[in-house]
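Structural description and commentary
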Amino acid sequence: MSLNEEVDLLRKIPLFAKIEPSKLKLLAFTSERLTYQGGQRLFQQGDVGDAAYIIIDGTASVRIRTDGGEIEVAELGKGDVVGEIAILCDVPRTASVEATGRLIALRITKELFFRLVSEFPQISIEIMRELAARLERTNVQLREALNR
Amino acid sequence: MESTIFRFILRYSKREQILLLVMTVISFPFLYYSLDLPKRIVNDALGAKGSTEFPVTFLGIEFQQLEYLWTLSGLFLLLVFINGGFKYWINVYRGRLGELMLRRLRYELYSRILRFPIPHFRRVSQGEIIPMVTQEVEPLGGFIGDAISLPAFQGGTLITILFFMFVQDPILGLAAVALSPIQAYIVPKMQRKVNALGKERVRAVRVLSDRIGESISGVQEIHANNLARLMLARFTNQLGRIYDIRFEIYRRKFIIKFVNNFIAQLTPFFFYALGGYLVIMGDLTLGALVAVLAAYKDLSAPWKELLAYYQRKEDARIKYEQVIEQFDLPDMMDAETQLAEPERPAPLDGELRASNLSLLDDDGEVQFEAVSLTLPPGSHMALFGAGGGGVEALAMTLARLSYPSGGRVTVGEADLHALPEAVTGRRMGYVGPATYVFSSTIRENLLLGVMHRPTGPAADDPDTRAALENAGKAGNSTDDPDGSWIEPDAGGDGPDPVVRLIESLSLVELDDDCYSLGLRGTLDPDARPEVAERILAARRSFADRLAEDPQLVDLVEPFAADAYNTNATLAENLLFGTPVGPAFQPDTIAAHPYVRRTLDQVGLTGDLLRMGRDVAATMVELFADLPSDHEFFGQFSFISPDDLPEFQALLTRLERVGAEGVSEEDRARLLSLPFKLIPARHRLGMLDDEIQARILEARAAFARDLPEDLQDSVAFFSADAYNAAASLQDNILFGKISYGQADSVARVGAVIGAVLDDLDLRATVIEVGLDFEVGIAGARLSAVQRQKIGIARALLRRPDVLILNDAAATFDAASQRRLVARTLEAMAGRTVIWTTHRPDVACLFASVAVMRGGRIVETGSPDELDREGHVFHEAAAQN
């Protein structure tokens, strides 16, 4: 897959939809494209966060350690962005992400990510939207849990 | 040391100086005859006197006039040769003598530096000492050769000529010397002031070199504090002082010269006036006057030489005295203590006892006092105390690096500070808080711990023999530095230190560092063919492992002669080898005429130019609006921020005139870009299959037609040959680590490690790592690595007493504790003293002595001391 194809893919992701193509090209060019085998982990819960990942191809599962062992809490696929929370608020990784089968991801380093966020307000807004949505989901789940 | 330069000369070169003198004296009769002959030729052979009757008898043979002229002229020619011969021999001998004496002087000065008391180095700077040994004494060598024979020769010549003049005519002789007394009175008077200025100049230049040395050592502070302006002003001030002094010296020197010249010019006046009068009156023959005038012309040369000699002598005298006073210290270690070689260094395995030890520093400040310690053989003790509490100074005194002001240290029966260094430096070990690492390999830095004396005969070749014989003549060391120096049985029986090198590395956890350095290092397959062979076996085994495991197979893209490697640059793909020397380096390869010819041959130039344009356009598009100091430029851009505008302009030109229209310079610029392309990394999609196939064609053509003179500029990849120009790791990989495989470097590293362990090659790699050059003062290593080298160096000789002066302070807590435990294990049964300010480290020792305010306040086992009411307990609680 060449740089241009990566750029096309990035444009379809809501987070990057409003960024001009040349900037997306820079983003793709300066990010590493990594291939993972099934079972390999993108990162491990508790690690220091140094990068966010955009899944280009394949699927991954988000797993959280509990007292009863690891459980899968979400499934990720093409176009999903993962790992941005740990680099945004400097907390250790809140979950592990493991490739389920062959996976290709674009690895955006913390520095680059911050640069994008500070340069393009659209990205900040998209991230806020995403975070708010997640918070809303969590609230719903919490309510359900309490009502049960 | 001899207090004046003449004492030094007489002490070390009396015989040579006498020989020179004798040869000089022997040469005088010939000189005299060569002066006398012209007179005979004019007067007798030419008959200027008019009284000669031919044939004449000369040396018992009869001569006619013409024959007589030929004979005398021939004799004159012969004398010219003889005089020249004498001069040549004397000059060469003198030069050689001067060089030998200079060599001796420098050696003496250097050996004194090695014996300076260590605290002295706090008062003198490198900047002052180095120029003394290197530059200041340099002119002394020339002077020493001339010291006695030159005044003898020139003085003798002068007297010979004067004698000749007096023989010709006493009055003319008198005229020639009439003004000399005046000169002899005035010149030294003027010279004295020049001498004083000379002394001042030497001092000022020393301050100057000190300034430079300080600026170099403190260059970080200068940058960090914006001190450049102040430094420049101070330096200027010093230059100004030197300028003033030197200018004053010149002025005075030229006044002296003027006086001398004036007097020398005045004398001929007497000759013409007086001599002319005498000739006219018939009291002097014209021949004699001609001869006297010729002689006088010869007279001015030695006279000038003598005056110059006088000035040089004064200069040399001052320089010598000024240097010597810096090297004659009252409390210097004597050479015997430093260099004496005992039959067999007595072991220091007795009880170590310090009694009432005290140390005052230069200002009379107490470093420590009333220290009494007893360490039975084999005890392991921590000296616990905060910095400045006297712990460091005590450790240095116990290691015999500084001398106590009071009290003494004994080991067994012997007074430690009276023992020769051959005992303390071999049976003791000391590691300070900042080990100095010499600019050499890691291996040599470790082995320095056991290189005390030559342990084998000097190399038996004529060059070495001659060099050592010459060294002996100059009073230098006659040990062969390239011979064998490694003590085979350092620290008792057991394997050779060379064998124990790797063991001592793992003791200080330096083996992993050396392993990675070794993987990056190179190996000479001609010198070690069996190792190269085994590395090739590792290459095959590595390839097999990767091929067998589908998880690993994509990690490395192997080199293949008939395939384009998408993880390598275009340059690497074209070369299919490792560049050796400057010709085909990544930055220059695109401009190399042979590369350009090859590209033309396979018709690639146009395509590469197009790619260059595309790369340039992409770079301009991506990076144009980034600030020029952005980190992305260094990490990702093919074009530096400074060049970016130029490429922008170039692209505009290209659009206007096309690829054929741009200048050769522009073409070269564009061509250089695609050579750096790595398809798997850059993903620019420019190197399609068709281009790749053509580059493979170019690869084949490049190798096939490579001219003779470029054969050595590239080491081609070959699946079954070791590549001497590539690193060990690259030789094992025989390919490129793939971009885009998660965690590839670490995973490849693990596979290499497994392969090397399988083939038992890890130690070999570590050994290659030992040959890593550490740079000036170990600058290419980290502070912790340097410290580890220091500790391994001391452990390598298995000392009876090992003193570690806060030697692991730069380590993190866990590795410091590990290191202490391992060291104590390795030193079981031998004495260890370890100073530390960390209670947790002190607790690892059998006993602890706690120091505070320069005194030992309590001693005991950690358990005894770590209780209520003990200083140690308080300190541990605070920690």
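Up top you'll find the structure we're talking about.
Everything quoted here is computed from the prediction, not taken from an experiment. (Residues numbered from 1 in each chain as written. Chains lettered and ligands numbered in written order. Predicted model: local features only at pLDDT ≥ 70, side-chain atom pairs only at ≥ 80, totals over all residues.)

**Examining helix H1 (residues 3-12) of chain A**
All names here are of chain A. Rules: We call a residue exposed when 12 or fewer other C-beta atoms sit within 10 Å of its C-beta, buried when the count reaches 20 or more, and partly exposed for counts in between; the C-beta positions come from the backbone. Working definition: helices are DSSP H or I runs of at least four residues, strands are E runs of at least two. Numbering for both runs from the N terminus. What the arc measures is the spread of directions leading from the helix axis to the C-beta atoms. Residue pairs qualify as contacts under a 7 Å threshold applied to their C-beta atoms, which are placed from the backbone.
The set of residues buried in H1 consists of Glu6, Leu9 and Leu10. Mapping the buried residues of H1 onto a view down its axis gives an arc of 100°, with all of them on the same face. Contacts made by the buried residues of H1 are with helix H2 (21-30), strand S3 (51-66) and strand S6 (96-109).

**Focus: the interface of chain B and chain A**
This is how it is decided: Asp, Glu, Lys and Arg are counted as charged, while Ala, Val, Leu, Ile, Met, Phe, Trp, Tyr, Cys and Pro are counted as nonpolar; the rest, among them Gly, fall into the polar class.
Opposite the 11 residues of chain B that make contact, chain A presents 15 residues. Breaking the side of chain B that touches chain A down by element, the ones donating at least two residues are helix H21 (605-623) and helix H22 (631-636) of chain B. Classifying every residue of the side of chain B that touches chain A by side-chain character gives five nonpolar, four polar and two charged.

**Considerations on the pairing of strand S14 (residues 831-836) of chain B**
Residue and element names in this part refer to chain B. Our working rule: Each pair of strands is called paired provided DSSP finds at least two bridges between the two strands. Look down the strands so they point away from you; if going from the first strand over the helix to the second traces a clockwise path, that crossover is right-handed.
Across the six residues that make up S14, a large majority, six, are buried. When strand S5 (residues 380-384) meets S14, the two strands line up parallel, connected through five bridges. Note that in S14 the partner of Met381 across the bridge is Ile833. One ladder, built from five bridges, connects strand S13 (residues 801-805) with S14; its direction is parallel. Note on S14: the bridge partner recorded for Val801 is Thr831. On the question of chirality, the crossover connecting S13 to the parallel S14 by way of helix H31 (residues 813-826) is right-handed.

**Some words on the nonpolar core**
What counts, and what does not: Remark: nonpolar core denotes a set of buried Ala, Val, Leu, Ile, Met, Phe, Trp, Tyr and Cys residues whose joining runs through C-beta atoms within 7 Å.
Formed by 168 residues in total, the largest nonpolar core has its most connected members in Ala105 of chain A together with Leu383, Ala792, Ile803 and Val848 of chain B. Excluding residues within four positions of it along the chain, Val848 of chain B makes contact with Met381, Ala382, Phe384, Ala842, Gly860, Pro862, Leu865 and Phe872 of chain B.

**Notes on the environment of His592 of chain B**
Along the chain, His592 of chain B turns up in the loop between strand S10 (577-579) and helix H20 (593-601). Owing to 16 C-beta atoms within 10 Å, His592 of chain B belongs among the partly exposed residues under this scheme.

**Some details on helix H29 (residues 762-770) of chain B**
Among the residues making up H29 of chain B, those that are buried are Thr764, Val765, Ile766, Val768, Gly769 and Leu770 of chain B. In this structure, the buried residues of H29 of chain B make contact with helix H14 (442-447), helix H16 (497-507), helix H17 (511-520), helix H18 (529-548), helix H27 (728-733) and helix H28 (744-758) of chain B.

**Notes on the sheet that holds S14 of chain B**
Residue and element names in this part refer to chain B. Test applied: Only the stretch in contact is used when fitting a helix axis, every axis being a line fitted to C-alpha atoms; angles between N-to-C directions are given from 0 to 180 degrees.
Spatial ordering of the open sheet is given by S8-S13-S14-S5-S15-S16, a layout of six strands whose pairing is mixed. One side of each edge strand has no neighbouring strand; the edge strands of this open sheet are strand S8 (428-431) and strand S16 (855-860). Taking the axes of each pair of neighbouring strands and ignoring which way they run, one obtains an average angle of 15° across the sheet. Two strands pair when backbone bridges link them, and strand S15 (residues 847-852) and S16 are joined in this way by five bridges, in the antiparallel orientation. Its bridge partner lying in S16, Ala849 is registered against Thr859.

**What about the pairing of S8 of chain B?**
Residues and elements named next belong to chain B. Burial along S8 is two-sided: the residues Met428 and Tyr430 and Gly429 and Val431 are all buried. Examined bridge by bridge, S8 and S13 share four bridges and lie parallel to one another. Note on S13: the bridge partner recorded for Gly429 is Leu802.

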